[in-house]
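Breakdown of the fold
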Amino acid sequence: MNELEVRKVPFMGTELMAARDNDGQIWAGVRWMCDGIGFSEGQRKRQIANIQEDTVLSKGGSNLILPTKGGTQRTLCLKLDYVPLWLAKIAITPRMERETPELAARLEQYQLKAKDVLAAAFLPQSKQQPATPAPVEHRALTTDDYITAARLASDCRNERLPYVLGFLEKGGFNIPKVEELRQDKPSFNLRVERTFVNLEDFL
């Protein structure tokens, strides 16, 4: 772990500190997460001690050299996979919700999202535009296709005709213009301007 790629990661109005080592492992600075959640200095020290004393969490911790306000210092960091486990061990109690509701709300967001935000900071940033879908190739329409389409159009209810014709058009049919003829009654009829297909051509 000779070289570290260090990044400041914006999250919920604050900045977290994370680093990636030569092996691709991502580490999260504990003190920055504690400050972002809103812990006091005493609470932060308690959390650092909890991590160091915990049988499982201590296996994922390491003191890395990171830039701080007081200069470059060794500071406790957690492997990214251990972050959710550590945060889940911090209970959101009824007392916390009652006395410090903002802290409880921020802690919940850290428990749910912090790992993903830190991981995303080191993912490749692709600027490629989504590929344009290839045009759909339609097969040649047959006599049976036209007869079936004419039957569908003639059998459907007037109010459904625009939808049926729309689907047929997507299937490659040349759809005639449809006009809406409104009457004094609330209902209306649909009139096809030109013949949908001359079936006599196929008989």
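Refer to the structure printed above.
Residues numbered from 1 in each chain as written. Predicted model: local features only at pLDDT ≥ 70, side-chain atom pairs only at ≥ 80, totals over all residues. Heavy atoms only, no water.

**Details of the pairing of strand β4 (residues 61-68)**
What counts here: Criterion used throughout: strands pair if DSSP finds at least two bridges between them. Labels follow the DSSP assignment, with helices taken as runs of H or I lasting at least four residues and strands as runs of E lasting at least two, numbered in each case from the N terminus.
Of the strand pairs in this sheet, β4 and strand β5 (residues 71-79) are connected by 8 bridges, and their pairing is antiparallel. Counted as the bridge partner of Thr68 is Gly71 from β5. Counting the residues that bridge the hairpin from β4 to β5 gives 2 residues.

**Topic: the packing of helix α1 (residues 30-37) against helix α2 (residues 41-53)**
Worth spelling out the cut-off: Here, axes are lines fitted to C-alpha atoms. For helices the fit covers the stretch in contact, and angles between N-to-C directions go from 0 to 180 degrees. For this classification, under 35 degrees means roughly parallel, over 145 means roughly antiparallel, 65 to 115 means roughly perpendicular, and everything else is oblique. With the far helix as reference, a near helix turned anticlockwise by less than a right angle produces a left-handed crossing, and one turned clockwise produces a right-handed crossing. Contacts are residue-level and defined by heavy atoms, with any inter-residue pair within 4.5 Å sufficient. Polar here means any residue outside two lists: the nonpolar Ala, Val, Leu, Ile, Met, Phe, Trp, Tyr, Cys and Pro, and the charged Asp, Glu, Lys and Arg; Gly therefore counts as polar.
With their axes 10 Å apart at the nearest point, α1 and α2 run at an angle of 135° to one another. Regarding the angle of α1 to α2, the classification is oblique. The two elements α1 and α2 cross, and the hand of that crossing is right-handed. Contacts from Val30, Arg31, Cys34 and Asp35 in α1 reach Arg44, Gln47, Ile48 and Ile51 in α2. A breakdown of the residues in the contact of α1 with α2 according to their chemical character gives 4 nonpolar, 1 polar and 3 charged.

**What about the sheet that holds strand β2 (residues 14-20)?**
Sheet architecture is open: 5 strands sit in the order β1-β2-β3-β5-β4, paired in antiparallel fashion. The two strands at the open ends of the sheet, each matched to only one other strand, are β1 (5-11) and β4. With direction set aside, neighbouring strand axes in the sheet form an average angle of 40°. For β2 and strand β3 (residues 26-29), the ladder comprises 3 bridges, and the chain directions are antiparallel. The partner of Ala19 across the bridge, within β3, is Trp27. Sheet contacts for helix α5 (residues 101-120): β1, β2 and β3; angle to β1, the most-contacted strand, approximately 140°.

**Side note on the packing of aromatic side chains**
Rule in force here: Each Phe, Tyr or Trp ring (for Trp, its six-membered ring) is paired with any other whose centre lies within 6.5 Å, and the angle between the two planes then decides the class: stacked below 30 degrees, edge-to-face above 60, tilted in between. Buried residues are those whose accessible area, probed at 1.4 Å on protein chains only, stays under 20% of the maximum for their type, while exposed residues exceed 50% and partly exposed ones sit between those limits. Criterion for a charge above a ring: Arg CZ or Lys NZ at most 6 Å from the ring centre, at most 35 degrees from the ring normal.
Throughout the structure, instances matching the rule amount to 1 aromatic pair. Arranged with centres 4.8 Å apart and planes meeting at 70°, the rings of Phe11 and Tyr110 form a pair that is edge-to-face. Pair noted here: Phe11 is in strand β1 and Tyr110 is in helix α5, with a separation of 99 residues, a long-range link. By relative accessible area, which is 8% here, Phe11 ends up buried. Judged by its relative accessible area of 0%, Tyr110 is buried. Lying across the ring of Trp32, Arg31 places its NZ or CZ 5.6 Å from the centre.

**Considerations on the environment of Leu4**
With respect to the helices, strands and loops of the structure, Leu4 is situated in the segment before β1. For the pair Leu4 and Ala19, spaced 15 residues apart in the sequence, the C-alpha separation amounts to 5.9 Å. Not counting the four nearest positions on each side in its chain, Leu4 is found in contact with Ala19, Arg20, Asp21, Leu64, Ile65 and Leu66.

**Some remarks on the pattern of salt bridges**
What counts, and what does not: In what follows, salt bridge is the name for a side-chain nitrogen of Lys or Arg lying within 4 Å of a carboxyl oxygen of Asp or Glu.
Enumeration over the complete set of coordinates arrives at 8 salt bridges. One salt bridge in this structure joins Arg44 and Asp35, with 3.2 Å as the shortest N-O distance. Looking at Arg44, the relative accessible area reads 15%, which means it is buried. Among the ionic pairs, Glu53 bridges to Arg46, the shortest N-O distance being 3.5 Å. With relative accessibility at 61%, the residue Glu53 sits in the exposed group. Arg46 gets classed as partly exposed once you look at its relative accessible area, which sits at 43%. Through salt bridges with shared partners, a single network forms among Glu5, Arg7 and Arg20.

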